[in-house]
Amino acid sequence: MTAVATEFETVIGLEVHCQLVTKSKMFCGCSADYSGAGPNTHVCPVCLGMPGVLPVINEQAIEFIVMTGLALHCQIAEFSKFDRKNYPYPDLMKGYQISQYDLPVCTGGWLEVEVDGSRRRLGITRVHMEEDTARLLHRTDPSSGEGYSLVDVNRAGTPLMEIVSEPDMRTPAEAREYLVRLRQILRYIGVSDANMEDGNFRCDANISLRPRGVLKFGSKVEVKNMNSFRAVHDALVYEEIRQARVLSEGGVIPQETRGWVDERGETVSQRSKEDANDYRYFPEPDLPPLRFSRDFVEKVRAKLPELPEARKERFLALGLSEHEAATLTEARERADYFEGVVRALDLEQPRAAKLAANWVLGEVARWANAHGGELARFPIAAARLGELIMLVEGGVITAAVGKDVFDQMAESGRGAREIVDAAGLAQIRGGDELAALVRKAIAGNAKAVDDYRAGKESALKFLMGQVMKETKRANPQAVLELLEKELR
Ligand SMILES: [Zn+2]
């Protein structure tokens, strides 16, 4: 690792393939929502690659790629076209894939990452549109022991967007952060589920090393088969060390493709990298070129939601801390929910934001963690949580009772006021019941009473704790005053 840090500079570029959440496939009317469907049930002559059929462009997919380009600060081409990428493989029904070669929809964008407190802008070379391939399932016949493969065409022809970065990353940590930010943006704008574990967000990484101070890039290795952000990070760390060792011993790194083997924590050579010309790209004759008017691009821009960075800045301006603003804006649903709660609070802005943040990052996050981390299934509407917060804030119930009411609301679906009224949970600030509890605490804790009379203030807090243990409904200030009165 030290050799990497002192002798060499690491250069990383990422290629991300991401499935778009359109209703139908890229070039036919088949439903793209095939998860859970039986094999080869979402197919038609077009996505099966039958001769004599014609593809038709999915307009929603085109709008999604333009949205993505705008969110990533790209130029949207005025003129773009599809090309055929030819290669024989059993997952490719037509023997070629419709993709984009020299005129992609989006070029020249960037996104910002922050690693160890320093911000860097990482370039995005291009975003282009293509179609996904079929899925191969490799099996072994139990009787003969021979291997065979099954083809499921459901995935073939679903819209796939490829996002290619510049070789701008210098550490595996930066590469991981790039993926985290990219996924966040794609989910915010709603174009993809961007879930690496489910395979609808896949990443290949190019990595090379060069002696420090040298501008020319070293020969690059492409790493594949990484199924999580952690795997991408670990594979890049492994390659960094491996390449540094080979180079410091005077060896050369051949340009090749390597696969990450997660169980062994290492990369293995798969094949030498083919050149782009091997694909014999040529313009797709069955599809018209794409022309994007300024007007169309501006219409799409108007549909973009507020992006995570801007939203975070706005939350900071509400008086939230860096950590609160960053955590609340991680996912759009969480930020939306938080803002719903703020709107439901009849309080001044900074106070409302702080209270809503406390509840959303506290109790609501606790509930979500206990239920698979999903806020989508959280049963308390933002406005109803607002009602509960106002009951606590207005002194109707104590903070401790508020948490119990929260749990009951999540469980029963009833409103805060209804639960409080039905169970008589309102705070007690005086009366016989509280007076009795105070006298009981004094009678049962002679030592604390003596300490208090001897001038030890903390003894009063202890006695107060004894009362509060008996009932969560007691108003702390009222308990304190009653104790002082009784002890005098
Ligand atoms: Zn089809």
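A quick note: this is a predicted structure, and the numbers were derived from the prediction, not measured.

(A) Inspection of the layout of surface pockets at higher detail. The calculated volume of the second largest pocket comes to roughly 460 Å³. When residues of the lining of the second largest pocket are traced back to their parent elements, those giving at least two are helix 3 (172-188) and helix 8 (332-344). When residues in the lining of the second largest pocket are grouped by element, the largest group, 6 residues, is from helix 3. Taken together, the residues of the lining of the second largest pocket break down into 3 nonpolar, 4 polar and 9 charged.

(B) Region of interest: empty space enclosed by the protein. Tallied over the full model, the rule gives 1 cavity of 30 Å³ or more. Lining the largest cavity are Val-46, Cys-47, Asp-91, Leu-92, Met-93, Lys-94, Tyr-96, Glu-131, Asp-132, Thr-133, Ala-156 and Gly-157. Of the residues in the lining of the largest cavity, the class split is 6 nonpolar, 2 polar and 4 charged.

(C) Molecular detail of helix 2 (residues 59-71). The terminal C-alpha atoms of helix 2 lie 18 Å apart, and with 13 residues this matches the ideal 18 Å at 1.5 Å per residue to within 8%. Within helix 2, 11 of the 13 residues are buried, leaving the element largely enclosed by the surrounding structure. Residues Ala-61, Ile-62, Glu-63, Phe-64, Ile-65, Val-66, Met-67, Thr-68, Gly-69, Leu-70 and Ala-71 constitute the buried set of helix 2. The N-cap residue of helix 2 is Asn-58: its side-chain oxygen and the backbone nitrogen of Gln-60 are 2.9 Å apart.

(D) Expanded view of the packing of helix 15 (residues 458-470) against helix 16 (residues 476-487). Contact geometry for helix 15 and helix 16: axes closest at 10 Å, N-to-C directions at 120°. As the angle between them shows, helix 15 and helix 16 are arranged oblique. Of the two elements, helix 15 crosses helix 16, and the hand of that crossing is right-handed. Seen from helix 15, the contacting residues are Leu-460, Leu-463, Met-464, Val-467 and Met-468; seen from helix 16, they are Pro-476, Val-479, Leu-480, Leu-483, Glu-484 and Leu-487. Residues belonging to the contact of helix 15 with helix 16 are distributed by class as follows: 10 nonpolar, no polar and 1 charged.

(E) Spotlight on the packing of helix 10 (residues 382-393) against helix 12 (residues 416-423). Axis separation between helix 10 and helix 12 bottoms out at 8 Å; the angle between their running directions is 50°. It follows from the interaxial angle that helix 10 and helix 12 lie oblique. Note on element contacts: helix 12 touches helix 10 through Ala-416, Arg-417 and Val-420, opposite Glu-387, Leu-388 and Leu-391. For the contact of helix 10 with helix 12, the class distribution of residues is 4 nonpolar, no polar and 2 charged.

(F) Broad picture of the coordination of the zinc ion. At this site the zinc ion is bound by Cys-28 (SG), Cys-30 (SG), Cys-44 (SG) and Cys-47 (SG), with donor distances of 2.3 Å. One can describe the donor arrangement at the zinc ion as tetrahedral, given that its 4 donor atoms subtend angles of 101 to 115° at the metal. Going along the chain, you hit the donors of the zinc ion in the pattern C-x1-C-x13-C-x2-C. Taken together, the positions of Cys-30 in the loop between strand 1 (8-19) and helix 2 and Cys-47 in the loop between strand 1 and helix 2 put the pair 17 residues apart, joining distant regions of the chain. In this structure Cys-30 comes out as buried when scored by relative accessible area, which is 10%. Judged by its relative accessible area of 8%, Cys-47 is buried.

(G) How the structure looks around the domain arrangement of the chain. Splitting the chain by domain gives domain 1 (2-296), domain 2 (306-423) and domain 3 (431-487). Each of domain 1 and domain 3 has a C-alpha centre, and the two are 66 Å apart.

Parameters at a glance
- Residues numbered from 1 in each chain as written.
- Predicted model: local features only at pLDDT ≥ 70, side-chain atom pairs only at ≥ 80, totals over all residues.
- Heavy atoms only, no water.
- 1 Å grid on protein atoms, 1.4 Å probe; cavity = no way out; pocket = protein on both sides within 12 Å on 5 of 7 lines; lining within 4 Å.
- Points joined across faces, edges and corners; volume = space filled by probe spheres on them.
- Helix = DSSP H or I, 4+ residues; strand = E, 2+ residues; numbered from the N terminus.
- Nonpolar A, V, L, I, M, F, W, Y, C, P; charged D, E, K, R; others polar.
- Expected span 1.5 Å × (residues − 1).
- Buried < 20%, exposed > 50% of the residue type's maximum accessible area, 1.4 Å probe, protein only.
- Polar contact = N/O pair within 3.5 Å; in protein donor to acceptor, adjacent residues only side chain to side chain.
- Axes fitted to C-alpha atoms, helices over the stretch in contact; angles between N-to-C directions.
- Parallel < 35°, antiparallel > 145°, perpendicular 65-115°, else oblique.
- Left-handed = near helix turned anticlockwise from the far one by under 90°.
- Contact = heavy atoms within 4.5 Å.
- Donors = N, O, S within 2.8 Å, 3.2 Å for Na, K, Ca; no water.
- Tetrahedral: all angles 85-135°; square planar, octahedral: opposite > 155°, others 65-115°.
- Domains from an automatic or database assignment.

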